[in-house]
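# Descriptive structure summary
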Amino acid sequence: MKLRTMISVKLGAAMTAAMMVTAAPASATECIAPSNPGGGWDFTCRTIGRVLSELGLVEGNVQVTNMAGGVGAVAFAMVAAERPADEDLIVATSTVGVTQMAQGRYPAPLETMRYLAMLGADVGVIAVDNDSPIQTLAELNAAMAADPSALVTGGSSGAGGWDHIRLLMVAQQAGVSDLGAIRWVQFDGGTDAVTQMMGGQIAVVSTDMGEIAGFVESGDIRVLAVLSEEPIPAFPELPTAMSQGVNVIGYNWRGLYTGGQVSDEAYNGWVEKLETLYNSDNWQQAATSAGLVPIWRGGAEFEAFVREQAGIMEQISRDIGIIQ
Amino acid sequence: MEVLSLIGSGFLVALTPLNIGLLLLGCFVGTLLGALPGLGPVNGVAVLIPLTFAFGFDPTSSLILLCAVYFGCMYGGRISSILLNIPGDEPAIMTTLDGYPMAVQGQAANALAISGVASFVGATIAVIGLSLFAPVLARAAIHFGPADYFALYILAFATIGGIAGVDPRKTLLSALIGLMLATVGIDPISGVPRYTFDNFHLFDGIEPIVALVGLFAISEILLILEKSVKDRPKAIRVDRWMPQWSAIWPTRWAMLRGSGVGFVAGVLPGAGASLGSFMAYVFEKQKSNKKGTFGKGDPRGVAAPEAGNNSAAGGALIPMLSLGVPGSGTTAVLLAMLISLNVQPGPLLFERQPDLVWGLVASLYLANIALLVLNLPMIGIFTRLMMTPTWALMPVVAAITFVGVYGISNSVFDLELMVFFGVLGYVLRKLDVSLVPLVLGLLLGGDMERNLRRAMSISDGDWSILIASPISITLYVLTIGFLALSVWLAVRDHRQTKAERLTEG
Amino acid sequence: MTGLSVRLFGAAVFAIAALYTLQAGTYQITFGDVLGPSVFPVIVGIPMMILSASLVVFPTGQVEWAGRDRMWRQAAALAVFVAYVLLMEQIGFPITTAALIALIGIIMGGAPWRAVALGAVFGPGLWALFDRVLGLPLDFLGKLFG
């Protein structure tokens, strides 16, 4: 019995010690990051959650729940089944998530949810090692057109994922007919892909700018094209694909959805709060420093955009043979 | 000595009252989280991230706090391995093999002390390696391609037969069950769901920590229940409360060897602390197990994996800081935190933010000392835990594992899975099948498969890529040498026992 | 018969490995994936079948299972675990955990009143530690009362 009290005393001491520092009030608002801690969706939830409470848009803190699985499918299924009308719940998603929906990899269709807003976007890049003989996007396209299987390409998504599709869109524009012959290697992240390229394992990387910006600055890799409409503010000297005559735009936007049965009132309330958040310096700064380009689309406009993008994605996936 | 002056300036950064306070808090919380089964460094660091935001610490202070938690967890994980035969987190599984037998023999204090000192040695060697060679090592690690990683995993699994158990077939089968479980879930390369039975809870695969606590903690309770009420309350005999220096000193070479092996595993992104402690144990056993004492409470079997685990944890910071490639789940969380604090790890970090890097390095030195100082006096307290009657200790441990798993995943399904693994673990233990290879298979299987498939994608289906690089060839030669040595040793032992039997008969 | 348990285990693993390997064959190679999702499971499944078959033929080791009264205790403990898992979200965390600790404590041979006291301390205590201090949310009352 004496020992038991000792354990309780120890636990008690630990609790008070830690309580003095935390003592954060619980709050009703919850953001689900459908990934493990550390990914892009986790960043979306944690940053948006932080800024929401900094700006006083929600009471207390926003509680971030990680619910990894199936590239967002697990969280999607849970919200659809258990919390479709929860007005205090927001879930992070992105182009990657919509790609999965468009390819029918989620357990329910896109329309199951209500899409709130996008708040920023990461820009796709096509890069090679700085020792590579390929100097421009035109040279890469010529090489791929001559022999689609000659170069090994890679990125952070699996076959048919968004990194892969962006590269294939470029190749398609360049007139490569046998897209399936282009070799694609999946890595666990953009930096993994880049370091493997620096180690000579693969020749071309297609991924998001944010994660690999350090390697661009250090000169370890050469960016052939950024897949944005305008040159990106952080690296104005890098050429866009469009400026080189290849009409491919490949953003990876970051946004949020909520349950499909949430009332219009709550939905509009969220859109309004998120717009306030978007216009705050806190968000603009946090987004830029994470390598995102702040872009706003909200409410009905965003709903339409998500549907349009899913349609395009489905078409591309069909065109290049990822889905039948 | 440029490095010395850099570290000196780092100590100036680290030695502010706030940072020292955070360091101590981090070490304490980390040890506690590591010691609780089901909670490990990933949760610890993830839990504390909001705290660093809430208080608006600068990046250096935040990183110091979180790294102290990270190292603290690595220290803490061994405590329940030794005292309860339940690993506190994944890298601590190897410590159960000899740590728990030591505790059963009344050597709990010594086992805790050896593991504490070994952790200190391992982590310190890793931090020295980090401060001297980080950029060079990171550049070297780049040349490790998918085929080489695959060869490394082959080496790991080929040596698995040597870790425990009487019948190597059972040990190997256990590893294969682990590899089989690792294929459950949506395949990240093709997007095909495998063995999920259309249950979306299985889409993300089986979380290793769920299997780990189920296999070890729940099955432990079932095993205890087997004994009758009368022979039960054997609160384990404790021969002494305080460790003896004479028990620690002989393990010094095991610690150094374990540190070396673990450090290499840590520097390679993707291998991580579990592989580090595993390889350290296997190599130490191969090297030192002359009298067959490993697995029965050999102090070197505690020293090597603990040194390996901590030095791998330190080594994993190298690719994380200088390449931005997270080597493990925990470093992935640290990486995310750095990015959200507006620090971009990568090739330029050491040049651009020397204050941060060297402040961190200095605080790691300090954290190690703090952990050793915190941990040695706590040995007496922890050892006394052994005296808690089983009926009081085990239900609380079970409750903690349930809460720990649920608190992280919010999934009742994971709890069901945990109970299932408890029954599986019980059956396997009754059948004399070691559980350690199963957990390693589950932990490493995913990466093993992905690297095989990456290699095959690179070569466009040509299997010869697997033996195309000097690194992979070296690893395969090591594997063959290791297996040959094991067979030779086994044959020799067999002959000896035969000869002994003949003389006896 | 010696090694019956091991033989049964070997047979069970063999059956699982066989189904596993068969199932692997149904996974299609998708676009852009050279080796495909089915090769690795086959690489794992076949040695599993060989090893488990060898355990059926040449079993090693003796297994002594628990006596009948102990098996009842094990079954009771498992029933408590399963009930806990199923009821936790319904009734809320502190109450179910207190019951879990108390019941397992009793099954493990602790005096009932002590086990209940232990549960009464640690049920709410763990909730406070995780929910309040560590910030990992746990239901206090659950769906039935909340």
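Model, not experiment: these values are computed from the prediction. In this numbering scheme, every chain counts its residues from 1 along its sequence in written order. All chains are assigned letters beginning with A, and all ligands numbers beginning with 1, in the order in which they are written. Restriction of local features to residues with pLDDT of at least 70 applies here, the model being predicted, together with a cutoff of 80 or more for giving and counting side-chain atom pairs; totals for whole chains, interfaces and linings are based on all residues. Side-chain metrics in this entry use all non-hydrogen atoms of the structure; hydrogen atoms and water are not considered.

### Here's the deal with the overall build of chain C
Scanning chain C from N- to C-terminus turns up six helices and zero strands. Runs of H or I in DSSP of at least four residues are treated as helices and runs of E of at least two as strands, each being numbered from the N terminus. Going residue by residue from the N terminus, the α and β elements of chain C occur as α-α-α-α-α-α. Relative to its length of 146 residues, chain C is extended, with a C-alpha radius of gyration of 23 Å against a globular reference of 15 Å. For chain C, the spread of C-alpha atoms along the principal axes amounts to about 55 × 50 × 25 Å. For every residue, the accessible area (1.4 Å probe, protein chains only) is compared with the maximum for its type, and the residue is labelled buried under 20%, exposed over 50%, or partly exposed between those bounds. Across the 146 residues that make up chain C, the buried fraction comes to 47%. Excluding contacts between residues fewer than 6 apart, the proportion of contacts in chain C whose partners are at least 24 apart in sequence is 62%. Total accessible area computed for chain C in this model is approximately 6900 Å², and 73% of it derives from carbon and sulfur atoms. Averaging the locations of the 7 positively and 6 negatively charged side chains of chain C gives two centres separated by 13 Å. The globule rule used here is 2.2 Å times the number of residues to the 0.38 power, and the radius of gyration it is set against is calculated over C-alpha atoms. Contacts: residue pairs with any heavy atoms within 4.5 Å of one another. With residues, only the protein chains shown are counted as cover, and all accessible areas are computed by Shrake-Rupley using a 1.4 Å probe. Just so you know, the count uses Lys and Arg for positive and Asp and Glu for negative, and it drops His and the chain ends. Working definition for charges: the position is that of NZ of Lys, CZ of Arg, CG of Asp or CD of Glu.

### Regarding the overall build of chain B
Tallying secondary structure elements over chain B gives 20 helices and two strands in all. A globule of 505 residues ought to have a C-alpha radius of gyration of about 23 Å, and chain B, at 22 Å, matches this closely. Scored against the burial criterion, the 505 residues of chain B give a buried share of 67%. For chain B, restricting intrachain contacts to residue pairs at least 6 apart in sequence, the fraction spanning at least 24 positions comes to 78%. Only carbon and sulfur atoms are counted for the fraction: they give 68% of the accessible area of chain B, which is about 16600 Å². Placing the 30 positive and 30 negative side-chain charges of chain B at their respective mean positions leaves the two points 11 Å apart.

### With respect to the interface of chain B and chain C
Interfaces are often described in size by the accessible area the parts lose on coming together. With 67 residues of chain B at the interface, the matching set in chain C holds 65 residues. Here chain B packs against chain C, burying approximately 5900 Å² in sum over the two surfaces, 79% of which is carbon and sulfur. Each salt bridge in this description consists of a side-chain nitrogen of Lys or Arg and a carboxyl oxygen of Asp or Glu lying within 4 Å of one another. Viewed at the interface, chain C and chain B are joined by zero salt bridges. Side-chain atoms alone can form a polar contact between residues adjacent in sequence; in general such a contact is a pair of N or O atoms within 3.5 Å, and within protein one must be able to donate a hydrogen while the other accepts it. Remark: the boundary between chain B and chain C carries 16 residue pairs in polar contact (both at pLDDT 80 or more). Secondary-structure elements contributing two or more residues to the side of chain B that touches chain C are α7 (168–182), β2 (193–194), α8 (208–226), α17 (390–409), α18 (412–430) and α19 (436–459) of chain B. A per-element tally of the side of chain B that touches chain C places α17(B) first, with 15 residues. Residue classes in the side of chain B that touches chain C are distributed as 44 nonpolar, 10 polar and 13 charged. Here the quantity called buried area is the accessible surface, traced with a 1.4 Å probe, that two parts lose on coming together, added over both. Amino acid classes used here: Ala, Val, Leu, Ile, Met, Phe, Trp, Tyr, Cys and Pro are nonpolar; Asp, Glu, Lys and Arg are charged; the rest, including Gly, are polar.

### Focus on the state of the cysteines
All names here are of chain B. Here, a disulfide means two cysteine sulfur atoms that sit within 2.5 Å of each other. Here the structure, examined in full by the defined rule, presents one disulfide over all chains. Considering cysteine sulfurs only, Cys-73 is the nearest to Cys-27, which forms no disulfide, with 10 Å between them. With no disulfide of its own, Cys-67 has Cys-27 as its nearest cysteine by sulfur position, at a separation of 11 Å.

### Description of the packing of aromatic side chains
Here a pair means two rings of Phe, Tyr or Trp (six-membered ring of Trp) with centres within 6.5 Å. Their orientation is stacked below 30 degrees between planes, edge-to-face above 60, and tilted elsewhere. Per the stated rule, a full pass over the model turns up 20 aromatic pairs over all chains. An angle of 65° between the planes, with centres 5.1 Å apart, marks the rings of B:Phe144 and B:Tyr149 as edge-to-face. One aromatic cluster is present, formed by A:Phe76, A:Tyr106, A:Tyr115 and A:Tyr257 through successive ring pairs. Only when the NZ atom of a Lys or the CZ atom of an Arg is both within 6 Å of the ring centre and within 35 degrees of the ring normal do we say a charge sits over the ring. Positioned above the aromatic ring of A:Tyr267 is the side chain of A:Arg114, whose terminal nitrogen or guanidinium carbon lies 4.2 Å from the ring centre. Cation over ring: A:Lys273 sits above A:Trp270, and NZ or CZ is 4.9 Å from the ring centre.

### Here's the deal with the interface of chain A and chain B
Counting residues at the interface gives 47 residues for chain A and 50 residues for chain B. Of the roughly 4300 Å² buried between chain A and chain B on both sides combined, carbon and sulfur atoms contribute 65%. Connecting chain A to chain B are two salt bridges. Viewed at the interface, chain B and chain A are joined by five residue pairs in polar contact (both at pLDDT 80 or more). Of all the secondary structure elements, the ones that give two or more residues to the side of chain A that touches chain B are α1 (2–21), α2 (40–54), β2 (63–66), α3 (73–82), β6 (183–186), α7 (190–198) and α8 (209–218) of chain A.

### Some words on the pairing of strand β3 (residues 89–94) of chain A
Residues and elements named next belong to chain A. With six of six residues buried, β3 is to be regarded as a mostly interior element. By the convention used here, strands pair only if DSSP detects at least 2 bridges between them. The sheet contact formed by strand β1 (residues 30–33) and β3 spans three bridges and is parallel. Among the inter-strand pairings, Glu-30 is bridged to a residue of β3, identified as Leu-89.

### A few points about unusual backbone geometry
Residue and element names in this part refer to chain B. Even without being glycine, Tyr-195 reaches a positive phi, approximately 50°. Within the secondary structure, Tyr-195 is located in the loop between β2 and α8. The phi angle at Asp-432 is positive, at roughly 65°, despite the residue not being glycine. Here Asp-432 lies in the loop between α18 and α19.

### With respect to the domain arrangement of chain C
Segmentation into domains, and thus their bounds, comes from an automatic or database assignment. With domains assigned, chain C is organised as domain 1 (4–57) and domain 2 (68–145). Using C-alpha coordinates to define each centre, domain 1 of chain C is positioned 38 Å away from domain 2 of chain C.

### Remarks on the pattern of salt bridges
Working definition: two side chains of opposite charge can pair if their charged atoms are close together. Following the criterion strictly, the structure yields 24 salt bridges over all chains and no others. Linking B:Glu449 and B:Arg453 is a salt bridge whose minimum nitrogen-to-oxygen distance equals 3.0 Å. In this pair, B:Glu449 and B:Arg453 both sit in helix α19, four residues apart, roughly one turn of the helix. Measuring nitrogen to oxygen at the nearest pair gives 3.4 Å for the salt bridge that ties C:Asp69 to C:Arg70. The exposure class assigned to C:Asp69 is partly exposed, which follows from its relative accessible area of 47%. Taken together, the shared-partner salt bridges in this structure form one network comprising A:Asp122, A:Asp163, A:Arg166, A:Asp208 and A:Arg254.

### Quick notes on helix α2 (residues 39–57) of chain C
Multiplying one less than the number of residues by 1.5 Å gives the expected span of a helix. Across its 19 residues, α2(C) extends 28 Å between first and last C-alpha, which sits within 8% of the 27 Å expected from 1.5 Å per residue. Looking only at α2(C), the buried set comprises C:Phe40, C:Pro41, C:Val44, C:Gly45, C:Met48, C:Leu51, C:Ser52, C:Ser54 and C:Leu55. Where α2(C) is buried, its residues touch α7, β2 and α19 of chain B together with α1 (4–24) of chain C.

### A word on a nonpolar patch on the surface
Here a patch means residues that are over 30% exposed by relative accessible area and free of salt bridges, tied together within 9 Å if like-charged and within 5 Å if nonpolar (Val, Leu, Ile, Met, Phe, Trp, Tyr). The grouping of B:Ile128, B:Leu132, B:Phe133 and B:Val136 at the surface amounts to a nonpolar patch, some 350 Å² of accessible area in total. With respect to the helices, strands and loops of the structure, B:Ile128 is situated in helix α5 (residues 93–141).

### Brief notes about the environment of A:Arg222
All names here are of chain A. As for its position among the elements, Arg-222 is in strand β8 (residues 221–226). Through-space distance from the C-alpha of Arg-222 to that of Val-204 is 9.9 Å; in sequence the pair is 18 residues apart. When near neighbours in sequence (up to four residues on either side) are disregarded, Arg-222 contacts Ile-126, Ala-127, Val-128, Asp-129, Asn-130, Ser-132, Ile-134 and Gln-135. A distance of 2.6 Å separates the side chain of Arg-222 from the backbone oxygen of Ile-134, its partner in a polar contact.

### Observations concerning the packing of α7(B) against α1(C)
Relative placement of two packed helices is described by the angle separating their axes and the distance separating the axes. Axis lines are fitted through C-alpha atoms, for helices just across the contact stretch, and the angle between N-to-C directions can take any value from 0 to 180 degrees. Close contact between α7(B) and α1(C) brings their axes to 12 Å; oriented N to C, the two are set at 35°. Where α7(B) crosses over α1(C), the handedness of that crossing is left-handed. Along the contact surface, α7(B) presents B:Lys170, B:Leu173, B:Leu179 and B:Met180, while α1(C) presents C:Val6, C:Phe9, C:Val13, C:Ile16 and C:Tyr20. Grouping the amino acids of the contact of α7(B) with α1(C) by side-chain chemistry returns eight nonpolar, no polar and one charged. Left-handed describes a crossing in which the near helix is turned anticlockwise from the far one by less than a right angle; the clockwise case is right-handed.

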